[in-house]
Each structure stands twice: as C-alpha cells, then as structure tokens.
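Architecture at a glance
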Amino acid sequence: MRSKNGIALLITLFFIIAITVLVGIGLRHVNSMASDIQKEKFLLQTRLLLDDVLSLLKSSKELDSIVDSNSSEGLYVFLSQVGYLPLSTNEMEVILEIESARSKINPNVFKDTNSTFNIQRVDTFKEYLSRYNVDYIYADLLLDAMMGIKEDFSYNTDIFTLHPKLFRDYLASKAHLGYLNDYFRDRYRYNTHTQIDFDSLFYYSKNRDTPIDLNFAKPEVWKFLLGCEEARAEQLYALAGMCSNYECFELSDFEKERLGRFNISFYESVLFVKVTMFQNDLKASVVFEYDMKSKKGSNFVYEI
C-alpha cells in the first residue's frame, strides 16, 4: 500500500516541482556574467523559487488528503517517497528536502514556557550525554544559551564574559549550536561531543511547546528519550507511520515513564522543508516549517 501510493505521489510532485522551478528561473533570466549582476539574479531566483515551493505545498491535493484523514501512514508514505528531490536546469541545481518537523527534539523545551528549566528533561539530556562521555558542563552551556540576559550574570559558564554579544534567548539554529560546540571544545579541551549526531537529534524553534511525533522519531531520538540501545531504537523506528498509541510500540512501563517527561504525539501535520540552490560558485539555502492545516510557512532561516 505504501509503495503504490508513494510512487504516485513521487511522480506527481516531481513533475510539478520541476515545472515550477523552470518557470521561476525563466522569469529572471539575465544574460550577464558580471559578478554583481549574477548575485542579484541568483537572489531573485532564490526568492522566486521559494514562492514556487510554497505555492506547490499550498495547492497539493496529496497534502490536503493527508490532513483530511489525519493519517500518519499517509504522511509517512508521502515523506518516504518525496523527502529528497534533486532537480536541475541549465542554470541552477536545486535540492528539495521535506521531513516531519516533529521527528526530532527541540532543545529549547528544556526550558519551560514559564522561564524555568524542566529538571526531568535536563536530567534526560545529561543521561544521554553520559553515554558519549560528554561532561555535564556541556548541558550547562546549552542552558546558558537559553537564559536570556541576567543582570547578576549568574550563568553556569563564562561564555558571555568572553562573547558578550552572543544571542542567549534560545538555541536559534544549527549554526548557533556549532558556535557553542566550538567554544566548548576550545574552552574545556573536550571533543567527545563530536560523536553525537546532532543533525539527527535536534531541530531548532523558539516555540517551547513543540511535541515529538513518535511516528517519525529518528533512532537517535529514541535513544535520547528512552536511554535505550541502538537495536531497540531501530526496532521502534521500524514502526514509523503505523502507530496511534503506546501499545502499538509495545513499550514497557519504564519506557512510558521516560516518554512522559516530554510532550509526545502520534500525528503532527507540520513539515520541515529545506530548499538548497546552487549556481556556479553561489549557494543558498532556506529552511522553514510548513503547517499543512493552516497552509502557512514559519520559522524561515536563510543562509546565503
């Protein structure tokens, strides 16, 4: 069932995107090799392409059908077949990536909406770090990055003494985490944190009330949540898209207690979309969340 539906969705989406990309690029064709003109043209193409992708998502009958049916399986089929689409034209190469926006952990949920830290969630993070022999001060460092401006300067580390202009309201992006990782390595001479696959573990949103969709949770996320071994994490990941309750996953009472520390869901109709564009030596990427129900994009992050 998944294979047949997925192939149909793949074919439909691939050709629609290919057409929209070609149209978007054609609208801003400029025959000039000057560097400034090329950059301006590239930026215009980037914006037009993003508009095309948003229009495509909003008009997708497949996504409408998934929303109407509240179907985790339908969303799984869609994402498994169209999650990675490479496209190319004479002028530009484009990669479109789509996945569940709730398949990973938002580290900003370590801090509750009332501006206090959630002890159970922080303890879970520290337990996870211990599996990789990462000192707990790394957790303290990430918590510092969420504390905001403190007049008494009572942070856990001295990062803001050394970098007073560094953003500190929440973990904003992969680049923000990378900056903290570099500081941790240089300041404390530790590099065990490099063993952690943060790309599979974290996504970043200032919304501190984001749930984790267990139907799309990655193995590294399962390891984090349950403190389990790789084999158990892969076993649970194999049930992706098929479960509507804990019983489907055959979780123990201990595992249910661990999951209870976080906001857990079995279906979230929010997509994480990444559009990457290449043209000669120019590159741009845009990531954003797309709410399938409201048909609105949010949390746009541009890297050019």
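Refer to the structure above for everything that follows.
The structure contained in this document is the topic of the report that follows.

Attention shifts here to the overall build of the chain. Check the secondary structure of the chain and you find 13 helices and seven strands. Counting the 304 residues in the chain, one finds 49% classified as buried. Long-range pairs, those at least 24 residues apart, make up 62% of the contacts in the chain with a sequence separation of at least 6. Total accessible area computed for the chain in this model is approximately 15100 Å², and 52% of it derives from carbon and sulfur atoms.

Before going further, it helps to spend a moment on the packing of aromatic side chains. If you walk through the whole model with that rule in mind, you get 25 aromatic pairs. Pairing Tyr-138 with Phe-184 gives two aromatic rings, centres 5.0 Å apart and planes at 75°, and the pair type is edge-to-face. Of this pair, Tyr-138 sits in helix α6 (residues 137-144) while Phe-184 is found in helix α8 (residues 174-188), placing the two residues 46 residues apart along the sequence. In this pair, the class of Tyr-138 matches that of Phe-184, namely buried. In this arrangement the basic side chain of Arg-168 is found over the ring face of Phe-160, its NZ or CZ atom lying 4.0 Å from the centre. Its guanidinium or amino end placed over the ring of Tyr-188, Arg-187 lies 5.2 Å from that ring's centre, counting from NZ or CZ.

Time to look at the packing of helix α5 (residues 119-131) against α6. Taken N-terminus to C-terminus, the directions of α5 and α6 make an angle of 135°; their axes are 9 Å apart at the nearest point. As judged from the angle between their axes, α5 and α6 are oblique. You can see that α5 and α6 cross each other, and the crossing is right-handed. Along the contact surface, α5 presents Val-122, Phe-125, Lys-126 and Leu-129, while α6 presents Tyr-138, Ala-139, Asp-140, Leu-142 and Leu-143. Of the residues contributing to the contact of α5 with α6, the split by class is seven nonpolar, no polar and two charged.

For any two helices packed against each other, one specifies the inter-axial angle together with the distance between the axes. Running from N to C, α6 and α8 cross one another at 135°; their axes reach a closest spacing of 11 Å. Taken together, the axes of α6 and α8 lie oblique to each other. Classified by chirality, the crossing of α8 by α6 is right-handed. Residues Ile-137, Tyr-138, Leu-141 and Leu-142 of α6 lie in contact with α8, whose contacting residues are Leu-177, Leu-180, Asn-181, Tyr-183, Phe-184 and Tyr-188.

What counts and what doesn't
Residues numbered from 1 in each chain as written. Predicted model: local features only at pLDDT ≥ 70, side-chain atom pairs only at ≥ 80, totals over all residues. Heavy atoms only, no water. Helix = DSSP H or I, 4+ residues; strand = E, 2+ residues; numbered from the N terminus. Buried < 20%, exposed > 50% of the residue type's maximum accessible area, 1.4 Å probe, protein only. Contact = heavy atoms within 4.5 Å. Areas by Shrake-Rupley, 256 points an atom, 1.4 Å probe, with all protein chains shown as cover. Phe/Tyr/Trp six-rings, centres within 6.5 Å; stacked < 30°, edge-to-face > 60°. Lys NZ or Arg CZ within 6 Å of the ring centre and 35° of its normal. Axes fitted to C-alpha atoms, helices over the stretch in contact; angles between N-to-C directions. Parallel < 35°, antiparallel > 145°, perpendicular 65-115°, else oblique. Left-handed = near helix turned anticlockwise from the far one by under 90°. Nonpolar A, V, L, I, M, F, W, Y, C, P; charged D, E, K, R; others polar.

In short, the description is geometric, and any link to function would need to be established separately.
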